[in-house]
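Residue strings, one per chain:
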Amino acid sequence: MTDVTGAPADVLHTLFHSELGGHEQVVLCQDRASGLKAVIALHSTALGPALGGTRFYPYANEAEAVADALNLARGMSYKNAMAGLDHGGGKAVIIGDPETIKSEELLLAYGRFVASLGGRYVTACDVGTYVADMDVVARECRWTTGRSPENGGAGDSSVLTAFGVFQGMRASAQHLWGDPTLRGRKVGIAGVGKVGHHLVEHLLTDGAEVVITDVREESVRRIQDKHPSVQAVADTEALITTEGLDIYAPCALGGALDDHSVPVLTAKIVCGAANNQLAHPGVEKDLADRGILYAPDYVVNAGGVIQVADELHGFDFDRCKAQASKIFDTTLAIFARAKTDGIPPAAAADRIAEQRMAEARRH
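Source: prediction; values computed, not measured.

Examining the overall build of the protein
Line of reasoning, step 1. The helix and strand tally for the protein stands at 16 helices and 12 strands.
Line of reasoning, step 2. In terms of principal-axis extent, the alpha carbons of the protein reach across some 55 × 45 × 40 Å.
Line of reasoning, step 3. Counting every position in the protein, which comprises 363 residues, the buried fraction comes to 52%.
Line of reasoning, step 4. Across the protein, contacts joining residues at least 24 apart in sequence account for 64% of those joining residues at least 6 apart.
Line of reasoning, step 5. When the accessible surface of the protein is split by element, carbon and sulfur atoms take 51% of a total near 15900 Å².
Line of reasoning, step 6. Once the 33 positive and 46 negative side-chain charges of the protein are each reduced to a mean point, those two points are 5 Å apart.

Structural data, given as structure tokens:
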């Protein structure tokens, strides 16, 4: 079914009527000369200009791309609010396979579209886009972060993302076991790429026992060559059922917590870097019912967005790290709110973020 514009009606229903909607603005961008097709979604600018990355992905169709942009933009509103940033939430998606259609011409055209929003949206890297791409986009748009240090940027944001996740783990350990150290705890990490391998370093330094898995053998080998004490298992299924596992850290794709994984999970804490870990509404209750403490993903993985936001003020790593260290206190506050309100931590985080956005709108 389509509406009068020919767009799939379910997309417009999501935008205007669904609880997942409420977005302020959605922009469809096209540059036929370069082959650019993009969607820029601004969920909220209550706290300031919308900030969120650009995803470059071969979506099955345009409707899927719009739906992803809407969902991701909404998630960024909550992430930025909980990170204490003066930014709302936005996200952009470029439709197509970056391996085949990405070009300088396309990225420049995209930069012009972002610039046309006049600073309401600040972009950065995401799946399929990299620091070098943001350097190109920035030639047409000053509201671009995630650039290289040579171009005034902060470079790779995975360093502080991993640091923030580690702070979330420490807070989880404090809440559950009364001590913020991971010493002697067994931590399983699914995905040891950009963020995961930094997380391994933090955990080993803190005295944790680390178990890893990754679909890329070279990523596992890189860790084990450097740290022979790190154990590797065949796949995520083997990881989540590992005997004696204390913490599970999903650091790869979203949807890691679902009706299959939650019932067999041996860990007492879930705290990882992956986005959108809860496969569907209700999973957070399933975790709580099993006595598993869940540190909301968009809270603990906010180190990266803290880093790119700082670029707008002249990047200072120490200032960023100090702010990312506050993820420890924020995570503890969420657990306290969850206990007081008798709700899962994911719902508590949402309430706190919504409260901050609502207060900003009133001023």
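Read on for the rest.
Here's the deal with unusual backbone geometry
The general pattern is negative phi for most residues beyond glycine and trans for most peptide bonds.
Line of reasoning, step 1. Of note in the backbone geometry, Asn276 takes a positive phi value of approximately 50 degrees without being a glycine.
Line of reasoning, step 2. For Asn276, the location among the structural elements is in the loop between strand 11 (269-270) and helix 11 (283-289).

Section: the nonpolar core
Line of reasoning, step 1. Counting residues in hydrophobic clusters, the biggest one holds 67 residues, and the most contacted among them are Tyr110, Met169, Ile189, Leu199 and Leu203.
Line of reasoning, step 2. Apart from the residues within four sequence positions on either side, Ile189 is in contact with Gly196, Leu199, Val200, Leu203, Val210, Val211, Ile212, Thr213, Leu239, Ala249 and Cys251.
Line of reasoning, step 3. Ala190, Val233, Tyr248 and Leu265 belong to the second largest nonpolar core, which has 18 residues in total.

Describing the sheet that holds strand 12 (residues 293-294)
Line of reasoning, step 1. With respect to topology, six strands assemble into an open sheet ordered 9-8-7-10-11-12, the strand pairing being parallel. The open sheet has two edge strands with one neighbour each: strand 9 (231-232) and strand 12.

Section: helix 2 (residues 62-82)
Line of reasoning, step 1. With 21 residues, helix 2 should cover 30 Å at 1.5 Å per step; its first-to-last C-alpha distance of 31 Å lies within 8% of that length.
Line of reasoning, step 2. Capping the start of helix 2 is the job of one residue whose side-chain oxygen sits 3.2 Å from the backbone nitrogen of Ala63: Asn61.
Line of reasoning, step 3. Downstream of helix 2 by a residue or two, Gly84 has a phi angle that is positive, lying close to 75 degrees.

What to know about the packing of helix 13 (residues 303-310) against helix 14 (residues 317-324)
Line of reasoning, step 1. At a closest axis distance of 9 Å, the pairing of helix 13 and helix 14 adopts a crossing angle of 145 degrees. When the axes of helix 13 and helix 14 are compared, the crossing they make is right-handed. Note on element contacts: helix 14 touches helix 13 through Arg319, Cys320, Gln323 and Ala324, opposite Gly303, Ile306, Gln307 and Asp310.
Line of reasoning, step 2. Across the contact of helix 13 with helix 14, the residue classes break down as three nonpolar, three polar and two charged.

Some thoughts on helix 8 (residues 217-226)
Line of reasoning, step 1. Among the residues making up helix 8, those that are buried are Ser219, Val220 and Ile223. The arc that holds the buried residues of helix 8, viewed along the axis, is 100 degrees, so those residues lie on one side. Opposite its buried face, helix 8 presents the exposed residues Glu217 and Asp225, each directed more than 90 degrees away.
Line of reasoning, step 2. Of the surrounding elements, those touching the buried residues of helix 8 are helix 7 (196-205), strand 8 (209-213) and strand 9.

Quick word on the packing of helix 6 (residues 158-177) against helix 14
Line of reasoning, step 1. Where helix 6 contacts helix 14, the axes come no closer than 9 Å and their chain directions differ by 25 degrees. Taken together, the axes of helix 6 and helix 14 lie roughly parallel to each other. As for the relative orientation of helix 6 and helix 14, their crossing is right-handed in sense. Contacts between helix 6 and helix 14 pair Val159, Leu160, Phe163, Gly164 and Gln167 from the former with Phe317, Cys320, Lys321 and Ala324 from the latter.

Overview of the pattern of salt bridges
Line of reasoning, step 1. Scanning all chains against the criterion turns up 19 salt bridges.
Line of reasoning, step 2. Between Glu62 and Lys37 there is a salt bridge, with the nearest N and O atoms lying 3.3 Å from each other. Of this pair, Glu62 sits in helix 2 while Lys37 sits in strand 2 (residues 36-44), placing them 25 residues apart in sequence.
Line of reasoning, step 3. The class of Lys37 is partly exposed, set by a relative accessible area of 35%.
Line of reasoning, step 4. The salt bridge partner of Asp246 is Arg185, with a shortest N-O separation of 4.0 Å. Of the two residues, Asp246 sits in the loop between helix 9 (236-240) and strand 10 (247-250) while Arg185 sits in the loop between helix 6 and strand 7 (186-190), which places them 61 residues apart along the sequence.
Line of reasoning, step 5. A relative accessible area of 25% means that Arg185 is categorised as partly exposed.
Line of reasoning, step 6. Salt bridges sharing partners connect three or more residues here, namely Arg55, Asp68, Lys91 and Asp126.

Rules behind the numbers
Residues numbered from 1 in each chain as written. Predicted model: local features only at pLDDT ≥ 70, side-chain atom pairs only at ≥ 80, totals over all residues. Heavy atoms only, no water. Helix = DSSP H or I, 4+ residues; strand = E, 2+ residues; numbered from the N terminus. Buried < 20%, exposed > 50% of the residue type's maximum accessible area, 1.4 Å probe, protein only. Contact = heavy atoms within 4.5 Å. Areas by Shrake-Rupley, 256 points an atom, 1.4 Å probe, with all protein chains shown as cover. Lys, Arg positive; Asp, Glu negative; His and termini not counted. Charge placed at Lys NZ, Arg CZ, Asp CG, Glu CD. Core = buried A, V, L, I, M, F, W, Y, C linked by side-chain atoms within 4.5 Å. Pairing = 2+ DSSP bridges. Expected span 1.5 Å × (residues − 1). Polar contact = N/O pair within 3.5 Å; in protein donor to acceptor, adjacent residues only side chain to side chain. Axes fitted to C-alpha atoms, helices over the stretch in contact; angles between N-to-C directions. Left-handed = near helix turned anticlockwise from the far one by under 90°. Nonpolar A, V, L, I, M, F, W, Y, C, P; charged D, E, K, R; others polar. Arc of directions from axis to C-beta. Parallel < 35°, antiparallel > 145°, perpendicular 65-115°, else oblique. Salt bridge = Lys/Arg side-chain N within 4 Å of Asp/Glu carboxyl O.

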